[in-house]
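Chain and residue survey
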Amino acid sequence: MSTLRADLAANRHSAKGRVVVTAYRLAQRAAAPGRPRWLALPVVTAYRLASDGAVGVELPVAAGAGQGLAVFHGTGRVGHPPPRLGSDVVLRHGITIGALGDGDDGEAPTVGDRVSIGAGAILLGPITVGDDAAIGAGAVVVDDVPAGAVVVGNPARVVRIRDVATG
């Protein structure tokens, strides 16, 4: 319950974000290992209809996400295979987080804590985005991003490393 409270607080200015994270957490709970499949199927289906169908945000139930997940502006895609997202991650509209190739064999990125991902950014492959990083709008990220880095461009390049101790 504290995770959902943190998610709702992170989305206090985004009605779409509140809908998505609430439905996401409920679907995750229903689909948790050991839960009956007959319970998970209608809950996960309702989640997909509400998030992907109604507000245009695809966040797979299998995606791992820490507390404080913020979904700003809706209308975006968090991809397949399911990524791993840390705590206090901000997802803006039109982003893709997924595998480099076609099919189910690729790996998705791992995103650290307190990471901000700008509108239209693309993160591909088995990369790691370090804690406190910022991904600029429209950046195409295919290499690891160091903690505290600000990356922009296509291909993405580090433009500075933030001192997270001082902000």
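The present account deals with the structure reproduced in this document. (Residues numbered from 1 in each chain as written. Predicted model: local features only at pLDDT ≥ 70, side-chain atom pairs only at ≥ 80, totals over all residues. Heavy atoms only, no water.)

**Describing the sheet that holds strand S11 (residues 128-129)**
Taken in spatial order, the four strands line up as S2-S5-S8-S11 in an open sheet, and their pairing is parallel. The sheet terminates laterally at strand S2 (64-65) and S11, the two strands that pair on one side only. Across two bridges, strand S5 (residues 84-85) lies against strand S8 (residues 110-111) in parallel orientation. Bridged to Leu-85 within S8 is Val-111. (Pairing = 2+ DSSP bridges. Helix = DSSP H or I, 4+ residues; strand = E, 2+ residues; numbered from the N terminus.)

**So, the pairing of strand S15 (residues 157-161)**
Looking at chain direction, strand S14 (residues 149-152) and S15 are connected through four bridges and run antiparallel. Bridge assignment links Ala-149 to a residue of S15, and that residue is Ile-161. Hairpin connection of S14 to S15: four residues between the antiparallel strands, including Gly-153 at a positive phi of 95°.

**Re unusual backbone geometry**
Backbone torsion omega between Asn-154 and Pro-155 reads 0°, so that peptide bond is classified as cis. In this structure, Pro-155 sits in the loop between S14 and S15. Backbone geometry at Arg-114 places phi at a positive 60°, although glycine is not the residue there. As for its position among the elements, Arg-114 is in the loop between S8 and strand S9 (116-117). Residue classification places Arg-114 among the partly exposed residues on the basis of a relative accessible area of 42%. Despite not being glycine, Asp-132 has its phi angle at roughly 65°, a positive value. Positionally, Asp-132 belongs in the loop between S11 and strand S12 (134-135). Relative accessible area serves as the criterion here: at 16%, Asp-132 is assigned to the buried category. (Buried < 20%, exposed > 50% of the residue type's maximum accessible area, 1.4 Å probe, protein only.)

**Here's the deal with the layout of surface pockets**
Taken as a whole, the largest pocket encloses approximately 180 Å³ of empty space. Along the walls of the largest pocket sit Met-1, Thr-3, Leu-4, Thr-22, Arg-25, Leu-26, Gln-28 and Arg-29, which together make up its complete lining. Within the residue set of the lining of the largest pocket, elements represented by two or more residues are helix H1 (2-10) and helix H2 (15-30). Broken down by class, the residue content of the lining of the largest pocket amounts to three nonpolar, three polar and two charged. (1 Å grid on protein atoms, 1.4 Å probe; cavity = no way out; pocket = protein on both sides within 12 Å on 5 of 7 lines; lining within 4 Å. Points joined across faces, edges and corners; volume = space filled by probe spheres on them. Nonpolar A, V, L, I, M, F, W, Y, C, P; charged D, E, K, R; others polar.)

**Some thoughts on empty space enclosed by the protein**
Under the definition given, this model contains one cavity of 30 Å³ or more. In this model, the largest cavity occupies a volume close to 40 Å³. For the largest cavity, the lining is made up of ten residues, of which Val-57, Val-71, Gly-76, Leu-91 and Arg-92 are closest to its centre. In terms of residue class, the lining of the largest cavity is made up of five nonpolar, three polar and two charged.

**Focus: the nonpolar core**
Among the nonpolar cores identified, the biggest contains 34 residues, and Leu-69, Leu-85, Leu-91, Ile-117, Leu-123 and Ile-135 are the most heavily contacted of them. When contributions to this core are tallied by element, the ones reaching two or more residues are H2 and S14. Sorting elements by how many residues they give to this core places H2 first, with five residues. Non-local contacts of Leu-91, meaning those with residues more than four positions away in its chain, are made with Leu-69, Ala-70, Val-71, Phe-72, Val-78, Leu-85, Ile-97 and Ile-117. (Core = buried A, V, L, I, M, F, W, Y, C linked by side-chain atoms within 4.5 Å. Contact = heavy atoms within 4.5 Å.)

As far as function goes, none of this settles anything; it's purely spatial.
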